[in-house]
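Structural description and commentary
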Amino acid sequence: METDSPLLLAAVSLLSALHMGYLTQRVGRSRMAHNILPPVITGPPEFERTFRAHQNCVEFYPLFLVSLWTCGTFFSEVFAAAGGLVYMVARQMYFSGYVTSAKKRLPGFILNLVVIGILSLLGSIGVLHGILYKYFLI
Amino acid sequence: METDSPLLLAAVSLLSALHMGYLTQRVGRSRMAHNILPPVITGPPEFERTFRAHQNCVEFYPLFLVSLWTCGTFFSEVFAAAGGLVYMVARQMYFSGYVTSAKKRLPGFILNLVVIGILSLLGSIGVLHGILYKYFLI
Amino acid sequence: METDSPLLLAAVSLLSALHMGYLTQRVGRSRMAHNILPPVITGPPEFERTFRAHQNCVEFYPLFLVSLWTCGTFFSEVFAAAGGLVYMVARQMYFSGYVTSAKKRLPGFILNLVVIGILSLLGSIGVLHGILYKYFLI
């Protein structure tokens, strides 16, 4: 049993991957609702907002995973996992808001940036601390 | 020598990254064949299908990596690595099919979803089992 | 303190994630400069080049992370971390070049491919060596 491995980070990563899968499915359903067959990516404004909302989630997903795992490994696993859950809620706010109107994407987007910013900052502190200790004996 | 590290997961991840690189190159060759210079992303249907086929692979790649590593770490490395190889074959089916016609993307796509679904499910079981054992002593 | 964990790979991953965040912000600023409101992704050539430059960085980012970590885990952490820094410089060259003209994206792009190629090759050697040793006692 891998109980030494970061179970909480793995759980949050899996949940976030499932959430991304759900958002991908939302784009597919929007295609069907507006009768827009692949590979077309243009159409009525609501479809284009849905499509772009998903693209933005895709762009940020690897940045989220890097900051989640760095913070969780070198700062605090529990804190990082909690941050990851907030990130998912913020992504959902962003996505649902953007589908309604371009302006309503902003609250979720800002919360996303705040969460990634905090995870990265704490991760950086942990990594820097580790490097100073390991390589410079400080 | 890092023999404790998950060598099979690393091997499958590297192979899948090379495969993604190959698909990226296919888009580049399609650009040349249809004389579509960057940054243009519209053109004849075959180019647009090739472009979208690659984009879909890009969108799913992080979800694949998360499910591969979670299943491989918390359920079974050999099983996850085998699933990863099937995923690559399915992605190739999807890509080659989509280049031919939008409809022919479906068999590969469905197989992709099945593989990611199984990897995520087994990964979730492993992670949940680990969390119950580690944090709740069940 | 997680001093056994790959601190240098974590540091380079965090730096590269911040760099990706900076490039995302460049697209946002280009939107503002050309007054192109989301979800629109077409506009004057300079905006479209900036947009595509970022998209290409997004497409390659997971491939970079896989080759960075595999090379760093199974070949040499210091070498991989140094390669990762070169990759970031090359991405910046690529991005700044592409914003100026489509042709000027090429030097940075080729350097990117060279770095990913070397990291993947050394990673593959390390993984193959490990697999032969662990599973076949060679």
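Here, every reference points to the structure presented above.
Residues numbered from 1 in each chain as written. Chains lettered and ligands numbered in written order. Predicted model: local features only at pLDDT ≥ 70, side-chain atom pairs only at ≥ 80, totals over all residues. Heavy atoms only, no water.

Moving on, we come to the nonpolar core. Counting 111 residues, the largest nonpolar core has F64 of chain A, F64 of chain B together with F64 of chain C as the members making the most contacts within it. In contact with F64 of chain C, not counting residues within four places along its chain, are V12, S16, G84, Y87, I116 and L119 of chain C. (Core = buried A, V, L, I, M, F, W, Y, C linked by side-chain atoms within 4.5 Å. Buried < 20%, exposed > 50% of the residue type's maximum accessible area, 1.4 Å probe, protein only. Contact = heavy atoms within 4.5 Å.)

Turning our attention to the packing of aromatic side chains. Residue and element names in this part refer to chain A. Applying the stated criterion across every chain yields a total of 21 aromatic pairs over all chains. With a centroid separation of 6.1 Å and an interplanar angle of 35 degrees, the aromatic rings of F47 and F51 are classed as tilted. Here F47 and its partner F51 are both found in helix α2 (residues 45–74), four residues apart, which amounts to about one turn of the helix. A relative accessible area of 6% means that F51 is categorised as buried. (Phe/Tyr/Trp six-rings, centres within 6.5 Å; stacked < 30°, edge-to-face > 60°. Helix = DSSP H or I, 4+ residues; strand = E, 2+ residues; numbered from the N terminus.)

Moving on, we come to the interface of chain B and chain C. Contact with chain B, which involves 28 residues of that partner, is made by 25 residues of chain C. Summed over both partners, the interface of chain B with chain C comes to about 2,200 Å²; 78% of that surface belongs to carbon and sulfur atoms. Counting the contacts that link chain B with chain C gives zero salt bridges. Where chain B packs against chain C, one counts one residue pair in polar contact (both at pLDDT 80 or more). At the level of secondary structure, the elements contributing two or more residues to the side of chain B that touches chain C comprise α1 (7–33) and α2 (45–74) of chain B. If you tally residues by element for the side of chain B that touches chain C, the top one is α1 of chain B, at 12 residues. (Buried area = accessible area lost by both parts, 1.4 Å probe. Salt bridge = Lys/Arg side-chain N within 4 Å of Asp/Glu carboxyl O. Polar contact = N/O pair within 3.5 Å; in protein donor to acceptor, adjacent residues only side chain to side chain.)

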